[in-house]
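# Observations on the model geometry
For reference, the chains in residue letters:
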Amino acid sequence: FMKPEELEFRQRSKESYQRGAFFWIDLANQRLGDFNRQLLALAVVLLPLTASISLSSIKLKDFEKTLLVLSWIALGVSIITGIIQILIDTIYFKDLSRDSSKREKIWSNFSRKVTDLEKETKAIGEVKESGSHDPLKIQASSLFIGLILIMVVAGFILFAG
């Protein structure tokens with residue numbers, strides 16, 4: 001027979017881990033939605049920029065063409081590393097969800113002693129603080145470089161006339 005305070009403690013622990021699992025999977029899904037909106041916004045910005053330079057009657061010098069191509073490469077690297085970062089984050093959030101689910105399952109067993117449950121929970125180990133942020137750093141840097149190169153080309157075009 002279980003004491004009422006022990007039963008309440010078990011129930012609170014179980015609910016806490018269950019909420020954690022739902023929170024992390026929801027966050028992973030939100031990240032994927034944000035990803036889709038970011039790609040759309042980026043495409044909306046890059047398409048007119050590319051079209052306006054390609055369709056304009058402006059004659060670009062070779063070094064301006066080179067800078068423009070380098071900016072597109074930098075923007076491409078930014079997009080690719082952004083995708084990689086979102087995948088890393090999504091995997092991390094799913095891992096957190098699985099971790100919370102494991103802990104919730106442990107605390108769902110009402111036939112075991114609290115000390116055993118605590119020992120098994122500790123055996124799982126601590127939760128990682130975060131996934132890797134290296135792709136995010138590369139994404140931000142390459143986006144910045146790409147935008148600077150585009151502004152340099154725009155400056156040459158504006159001041160050439």
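In this report, we go over the structure that sits alongside the text. (Residues numbered from 1 in each chain as written. Predicted model: local features only at pLDDT ≥ 70, side-chain atom pairs only at ≥ 80, totals over all residues. Heavy atoms only, no water.)

Another point: the overall build of the protein chain. Helices and strands together make up the secondary structure of the protein chain, namely 4 helices and 0 strands. Listing every helix and strand of the protein chain by position from the N terminus yields α-α-α-α. Every one of the 161 residues in the protein chain was classed for burial, and the buried ones make up 27%. Within the protein chain, residue pairs in contact and separated by at least 24 positions form 83% of the contacts whose partners lie at least 6 positions apart. For the protein chain, the accessible surface area stands at approximately 11000 Å², while carbon and sulfur atoms represent 66% of it. (Helix = DSSP H or I, 4+ residues; strand = E, 2+ residues; numbered from the N terminus. Buried < 20%, exposed > 50% of the residue type's maximum accessible area, 1.4 Å probe, protein only. Contact = heavy atoms within 4.5 Å. Areas by Shrake-Rupley, 256 points an atom, 1.4 Å probe, with all protein chains shown as cover.)

Taken as a whole and assessed by the stated rule, the structure comprises 5 salt bridges. For R103, the salt bridge goes to D99, with nearest N and O atoms at 2.6 Å. Of this pair, R103 and D99 are both found in helix α2 (residues 62-108), 4 residues apart, which corresponds to roughly one turn of the helix. Residue D99 is classed as buried on the basis of its relative accessible area, which comes to 14%. (Salt bridge = Lys/Arg side-chain N within 4 Å of Asp/Glu carboxyl O.)

With that settled, the discussion passes to the nonpolar core. Among the nonpolar cores identified, the biggest contains 6 residues, and these are I53, L60, L67, L68, L149 and V153. Once residues lying within four places of it in the same chain are set aside, the contact partners of L149 are L67, L70 and S71. (Core = buried A, V, L, I, M, F, W, Y, C linked by side-chain atoms within 4.5 Å.)

Following both chains from N to C, one finds α2 and helix α4 (residues 134-160) inclined at 160°, their axes separated by 7 Å at the closest point. Classed by the angle they form, the pair α2 and α4 counts as roughly antiparallel. Crossing of α2 against α4: the hand is left-handed. For the contact of α2 with α4, the class distribution of residues is 20 nonpolar, 8 polar and 2 charged. (Axes fitted to C-alpha atoms, helices over the stretch in contact; angles between N-to-C directions. Parallel < 35°, antiparallel > 145°, perpendicular 65-115°, else oblique. Left-handed = near helix turned anticlockwise from the far one by under 90°. Nonpolar A, V, L, I, M, F, W, Y, C, P; charged D, E, K, R; others polar.)

Looking now at α4. With 27 residues, α4 ought to run about 39 Å at 1.5 Å a step, and its terminal C-alpha atoms sit 39 Å apart, in line with that. Among the residues making up α4, those that are buried are P135, S142, G146, L149, I150, V153 and G155. (Expected span 1.5 Å × (residues − 1).)

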